[in-house]
There are 2 protein chains.
Amino acid sequence: MTFNKELVVRLLRYKNALLKLKNLGVLKVFSDNIADTAGVTASQVRKDFSLLKIAGNKRGGYQIKELLEDITDIVGPTSGESIIVVGCGNIGRALINYKGFHSETFEMIAGFDISPETVSGSLTCPVYGMDKLEEFLLGKNIKVAIISVPDNVAAEVYDKLVKLGVKGFLNFARVNLREIDGVFVNNVNLELSIENLFYYINFMEKGTSI
Amino acid sequence: MTFNKELVVRLLRYKNALLKLKNLGVLKVFSDNIADTAGVTASQVRKDFSLLKIAGNKRGGYQIKELLEDITDIVGPTSGESIIVVGCGNIGRALINYKGFHSETFEMIAGFDISPETVSGSLTCPVYGMDKLEEFLLGKNIKVAIISVPDNVAAEVYDKLVKLGVKGFLNFARVNLREIDGVFVNNVNLELSIENLFYYINFMEKGTSI
DNA sequence: TAGATTGTTAATCGATTAACAATC
DNA sequence: TAGATTGTTAATCGATTAACAATC
């Protein structure tokens, strides 16, 4: 079977949707429930499960517990992982305290900054100097890091982290970090995202037909 | 009218590619050149231009200057726009002060929060109560808003903003805001982005595929 | 059983690519 | 002209959706 990025994204959506339902006390779901919660069609949910050989019960739907286990088996377990954030400016500090980054699957454990003594506010994890990065990472098997340093040093920081064995990056700097072999980069370009919205809106308002 | 997000994204890629070529002193390009620079196929470039009624010269290619004007005409100029952020928690406050949101093309002009008096820190724009939202937006033609409220009220806030005429959204809440006709939503699901990275890393290490 | 939902196949939709006539 | 490139149509590809038989 070919590797389908969109399918992976949907699978994680299902997982999150199921966790939410589970937290509400729901034990059993139908494809329709998952579809609604994840924002796709019921057909697609069943089709995806079919491709992945995930079986439910005809008429009985799916047991959330089993379904979550099946999905977790496929995407691989991600629990007890740790992440760090490099660059503790406005965004970096907000990310440190971001609730979603202190979850079952992964935990934000440290921030790094060029001048940690100036990083203000009460934070949910310690902030160290950039010079402590190597020492900190050694033996810790940190797979994922967030880059929220100024644009002009992002590439340099990226290279350093790759050398130290980090495999996945969430990049907030407005530069395109090139994915190299075995390394994955998700670029979060907030400025571009906003600009794109303006373009979509303008494009639509002009009524340019396609 | 159909609206194709991917097409707009490609259009912006062409624009960037053309600007790069222009800066190199290139005056005339063929669909092949654009394709190479933008990372798509020549067929697609010509097909896109055909759909957008952008004409070149048979055998003569495209004049970069004219082409850039045509594309800019289509996506529309974006300058002097204003945006707001609704929800001034960690993320919201960081976004208010985010330098990229005080640019030539658009400016962050206000934040809104359910309890504005508790929003701390020195911010680069004022923060108002949610009850001031309607009054503030009336007559201001704010096209884009950032949603960074708690997950459980995101949908409600979204509906309200849509009713008040906002057309584009950058959504940081971990809920799927459905795009309705004429409204665009860019979901920034940070948690999912990180989980995705772990999956890709697991995938690579295990060599499994789906 | 009667009713409801899965699982899969077929139909549909849309986007990309290929091909090539038009034409400069 | 001869050659090269556009512009458009047709073919292909893949993903999504619809339909419904299987079945609990």
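As a reminder, the structure under discussion sits directly above these lines.
About the criteria used
- Residues numbered from 1 in each chain as written.
- Chains lettered and ligands numbered in written order.
- Predicted model: local features only at pLDDT ≥ 70, side-chain atom pairs only at ≥ 80, totals over all residues.
- Heavy atoms only, no water.
- Pairing = 2+ DSSP bridges.
- Helix = DSSP H or I, 4+ residues; strand = E, 2+ residues; numbered from the N terminus.
- Axes fitted to C-alpha atoms, helices over the stretch in contact; angles between N-to-C directions.
- Contact = heavy atoms within 4.5 Å.
- Near = heavy atom within 4 Å.
- Polar contact = N/O pair within 3.5 Å; in protein donor to acceptor, adjacent residues only side chain to side chain.
- Buried < 20%, exposed > 50% of the residue type's maximum accessible area, 1.4 Å probe, protein only.
- Salt bridge = Lys/Arg side-chain N within 4 Å of Asp/Glu carboxyl O.

**Points about the sheet that holds strand β4 (residues 106–113) of chain A**
All names here are of chain A. Strand order in the open sheet made by the six strands is β5-β4-β3-β6-β7-β8, with parallel pairing throughout. Each edge of the open sheet carries a strand with a single partner, namely β5 (127–129) and β8 (184–187). The sheet shows a mean angle of 25° between the axes of neighbouring strands, direction not considered. As paired strands, β4 and β5 are joined by three bridges and run parallel to one another. The residue of β5 that forms the bridge with Phe 112 is Tyr 128. Strand contacts of helix α5 (residues 90–97): β3 (81–86), β4, β5 and β6 (144–147), with the helix running at about 150° to β4, the strand carrying the most contacts. Strands β3, β6, β7 (168–171) and β8 of the sheet are contacted by helix α7 (residues 151–163), whose axis makes an angle of about 170° with β6.

**Quick notes on the protein's contact with DNA strand C**
All names here are of chain A. Neighbouring residues of DNA strand C: 22 residues in total, closest Ser 31, Arg 46, Gly 56, Lys 58 and Arg 59. Here the atoms of DNA strand C within 4 Å of the protein split so that 61% fall in sugar or phosphate, with bases taking the remainder. Ser 31 is positioned with one of its side-chain polar atoms (N or O) 2.7 Å from a phosphate oxygen of DNA strand C. One of the side-chain N or O atoms of Tyr 62 is found 2.9 Å from a phosphate oxygen in DNA strand C.

**Things to note about the environment of Phe 101 of chain B**
Along the chain, Phe 101 of chain B falls in the loop between α5 (90–97) and β4 (106–113). On the basis of relative accessible area, Phe 101 of chain B is assigned to the buried category, the value being 0%. Along the chain, Phe 101 of chain B and Pro 77 of chain B lie 24 residues apart, while their C-alpha atoms are 17 Å from each other. Setting aside its immediate chain neighbours within four residues, Phe 101 of chain B contacts Leu 190, Glu 191 and Ile 194 of chain A together with Ile 83, Leu 95, Phe 106, Glu 107, Met 108 and Ile 146 of chain B.

**Side note on the pattern of salt bridges**
Residues and elements named next belong to chain B. The final tally for this structure, using the stated rule, is twelve salt bridges over all chains. Between Arg 10 and Asp 48 there is a salt bridge; the shortest N-O distance is 2.7 Å. Of the two residues, Arg 10 is situated in helix α1 (residues 5–23) and Asp 48 in helix α3 (residues 42–51); the sequence distance between them amounts to 38 residues. Classification of Asp 48 as buried rests on a relative accessible area of 2%. Across the salt bridge formed by Glu 81 and Lys 143, the nearest N and O atoms sit 3.0 Å from each other. Placement of the pair is Glu 81 in strand β3 (residues 81–86) and Lys 143 in the loop between α6 (133–137) and β6 (144–147), with a sequence separation of 62 residues.

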